[in-house]
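# Secondary and tertiary structure notes
Residues per chain are reported as follows:
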Amino acid sequence: MNLITAFLQEAKPVIELLNLKKVEVPSPFKLYKGEIHNLVISGPGGENTTQAVSFLHGYLPSLFTPWLNIGLAGHGSEKIGNALQVVKCIDENSGRSTFPPQIFTSIFSKTILKTVQHPSNEYLPDHAYDMEGFSFFQTATRFSPNELIQSVKIISDNPVKPFSQFRKSETESLISPHLPNLLLLIEEMEKSAKSLQPKQEFIQLFQNLISLFSYSETQIFQLKKHLHHAFAIGIKTDSILKIAKESSDSRNFLSTFLKELDSKRLFS
Amino acid sequence: MIEIIYFEESISEHPRTLGIFERFPQAARVPCSNYQEVFNPNGQNFRIQKKKPSLILAQKEGNFSLPIPESYGVGGKTNYYFSHMLNCLYDCRYCFLQGMYSSANYVLFVNYEDFLKDIVQKTSESPEPAWFFSGYDCDSLALDSISQFSSFFLPHFSKLSNSYLELRTKSVNIKPLLKSKAVPNIITAFSFTPQEISEQIEKGVPSVDSRIEAMKKLTSHGWPIGLRIDPIIDCSNFTDRYSNLFQNIFSNISEEQIHSISLGAFRMPSTFFKKIEKLYPEEKLFAGPFQKQGNSISYKKELERERKDTCINLLKKYTSVQKIFSCDIFESAIN
Ligand code: SF4
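Residues numbered from 1 in each chain as written. Chains lettered and ligands numbered in written order. Predicted model: local features only at pLDDT ≥ 70, side-chain atom pairs only at ≥ 80, totals over all residues. Heavy atoms only, no water.

### Some details on the nonpolar core
In summary, soluble globular proteins display a tendency toward joint burial of nonpolar side chains. Going by this rule: Take the buried residues of types Ala, Val, Leu, Ile, Met, Phe, Trp, Tyr and Cys, join any two whose side-chain atoms come within 4.5 Å, and each joined set is a nonpolar core. Throughout, exposure labels follow a simple rule: accessible area from a 1.4 Å probe, protein chains only, divided by the maximum for the residue type, with under 20% read as buried, over 50% as exposed, and the rest as partly exposed. By the criteria applied, helices consist of DSSP H or I runs no shorter than four residues and strands consist of E runs no shorter than two, each listed in order from the N terminus. For this analysis, residues touch if any pair of their heavy atoms sits within 4.5 Å.
With 109 residues, the main nonpolar core has L57, F153, F192, I233 and Y242 of chain B as its most contacted residues. Counting residues per element, this core draws most heavily on helix α11 (residues 238–250) of chain B, at six residues. Contact partners of Y242 of chain B, with chain neighbours within four places excluded, come to P194, I229, P231, I232, I233, C311 and L314 of chain B. Counting 32 residues, the second-largest nonpolar core is a separate cluster that includes L3, F166, I175 and A193 of chain A.

The following block contains the structure:
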C-alpha cells in the first residue's frame, strides 16, 4: 500500500498510526516504510507529486498496489476539520476531469476536488481545492487499477476562515481525528488489491517450474495459462510437479501438461 | 444500494433524473459532461468495480435501436435491439458485457421518449411485424425499480400492434407486469442454465425454481413468455441436467403459453474472452474445451452441435419444432 502526502505535517499522524520508519533513499523525497505500507512526502504542487509517485513506483514496483493520497484542502462549503473522499477531480489548468471509481464502504462524504496552480482565497460551494490531486490521479493510474487510487482531503480553510489564516501547526490536529476511518479505508483497499493478486501457491509453483527448464517467451505464456487452468480445474500441485519431473524439457513438459488438462476440462 | 449517481449536466433537470435523485436521497450526485468520461477511461477493473457499481445517468444520442442478425431472432423478419441501460445487476461469468465494457457501473439512458420515437418510426416503416429486443446490454427487468423501464414502455407497446417487444431477463421482478393487463405482443423471455450450473457461474441470479415460479405467475395472468436456453454450457451429466431443467419447466408451464424457445451456444468475440479470462484467471468455466473460430471463442464445432442437438431432442418431447429457434453461428438439427 502506497501513501502520499505533500507535507511532513500531514504525514506525521499517518506515520505514527502505521508505525512507519524513515528509510534513506537516493531521492529528493522522504520515504517511510512499514511491513506493508510505504509513505512518500512529495512537497507541494503537481510536478512534485508526479515525481514522487513515479519514484515510489520505481523504487517498489508492484502490479496491484493501492495508492492513497491524504492531505489538507480548502473547501467552498464544508466545515474546517471535515474529511472528504474525492469523487471527481478537475484540473483547473487543462479543464480535464478524472473520476476515481468509488467501490469502498468508506464513511467519508464525497467531494469534487479542483486542483489549482496557486493557493487562493476564492471558493466555489461544494468544491474542495488543492494543488496536487490531479497529478496524483494522473500518475498513479499508470501503475495500478483506477479503483485502487483514492484521495481523502481534510478541510483546512474555507470562505469563513480562508487559507491566509491557516497555520501549519494546526495540521496534525485536523488529521488525527480521522485516523480510525482512514485505517478502515486503507484496510479495505488492501483487501481489494489482494483479491486481484495471484495466489502465493500459484507464484511458488510457477517459480519452481520455471527453474526446472529453459522456456521461450511463448512457452512462459503457455505455462501460465496451463497453470491457471490447472488451478481452476483443481489439479494438484504435486501432480503438476510430477509431470514436470518426468519430462525431458519444457516442450515435452508443456505438451504432457496440456494432455492432462484436456482430459479434465469438462465443467462439473 | 446506489451510493454514487453520476449525471450528465445536460440532463440534471430531466424528470427521470430528478425522480431517481428523489428515490436515492443519500446518494452523492456527481456531475459530468458526458457519461463516457466516467464509463470509458482506461485502467478500470471490471471485477472489483462489480462489487459496488455506481449509477450513471446519461442521454443517448442516436442509434436508439439497431438491427440484429436474422439468425438471432425468434421468427420475425425485422429485428432490432435497443439498450436503455448498459450493464447488469447480476454477475454471470460468461456475460460478454465484462469483455465489452471497462466499467461495471450501470449506465441508464433517461431519454426513453427518443427510444420510443425511433421504435414507432421503425414499426411504421416495417411491412411485417418488427421485433424489438431489450436486454442485450443489460437485464430487462432486474433494475426496473430504478429505471422504471417497464412502466414507460409497456403501455406504448400495447398500442403498437405491428411490433413485438422481448424483455429478456433472469429476474423475478415481475410486479410491474402483473399490475397491468397482459399484452400479447410483449414476450418476457427467461434465460436458463441448469440449477447446478447457475449456482456456480450466475452470481446473484434468482434460482431456477423461482424463475419458473415467476413464469407461472405471468402465464396465469395471460402474459406470453419465452424460454432462452442461452448459453448452453457443456458440463458433466449434460443430458440429465438439461433434461431435468426442461422437465421442471414444462411440468409447471403450459406449452401453449410459451411463445418461443431459443437455443444459443456459448460464443464470444475472442478479444472479450481474453479480457474476461484475465479478470478471472481461476474460473473453471474458462478452462473448458473452447477453441477459436474466426474471431470468436466457442466450444468445438462438433461438441457444440452435439450439445445443441441433445437439447433440441429433449425439447421435442414437450413442444413442436416450430417453436424452437437456433440462435448462433453453426447450423443444427432443428428439422
Ligand atoms: S443476466 Fe444477462 S446481462 Fe446480466 S450478467 Fe447475466 S448474462 Fe449478463
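### Quick look at the packing of aromatic side chains
Residues and elements named next belong to chain B. Let me state the cut-off plainly: Any two rings among Phe, Tyr and Trp, with Trp reduced to its six-membered ring, count as a pair given centres within 6.5 Å; such a pair is stacked if its planes are under 30 degrees apart, edge-to-face if over 60, and tilted if neither.
For the coordinates displayed, the defined rule picks out 40 aromatic pairs over all chains. Between F64 and F115 the ring centres are 5.3 Å apart and the planes differ by 70°, which places this aromatic pair in the edge-to-face class. Of the two residues, F64 sits in the loop between β3 (55–58) and β4 (65–67) while F115 sits in helix α5 (residues 112–125), which places them 51 residues apart along the sequence. For F64, a relative accessible area of 16% translates into the label buried.

### A few points about the site of the ligand
Residues and elements named next belong to chain B. How we decide: Distances are taken per atom, and a residue is near a molecule or strand as soon as one of its heavy atoms is within 4 Å of it. Cavities and pockets are defined on a 1 Å grid built over the protein atoms alone: a cavity is a set of grid points where a 1.4 Å probe fits but cannot escape, while a pocket is an open set with protein on both sides within 12 Å along at least five of seven lines, and lining residues are those with an atom within 4 Å of any such point. Pocket occupancy is defined atom-wise: a molecule lies in a cavity or pocket when more than half of its atoms are within 2 Å of its grid points. Residues were grouped as follows: Ala, Val, Leu, Ile, Met, Phe, Trp, Tyr, Cys and Pro as nonpolar; Asp, Glu, Lys and Arg as charged; and all remaining residues, including Gly, as polar.
The full set of residues close to the ligand is C88, Y90, C92, Y94, C95, L97, C138 and K170. When atoms are counted within 2 Å of each cavity's grid points, the one that captures over half of the ligand is the second largest pocket. When grouped by side-chain class, the residues that make up the shell around the ligand number seven nonpolar, no polar and one charged.

### Details of the pairing of strand β10 (residues 163–169) of chain B
Residue and element names in this part refer to chain B. How we decide: Following DSSP output, two strands are said to pair if at least two bridges run between them.
Within β10, five of the seven residues are buried, which leaves the element mostly enclosed by the surrounding structure. Bridging between strand β9 (residues 130–134) and β10 involves five bridges; their strand directions are parallel. Note on β10: the bridge partner recorded for A130 is S163.

So yeah, pure geometry; function would need other evidence.
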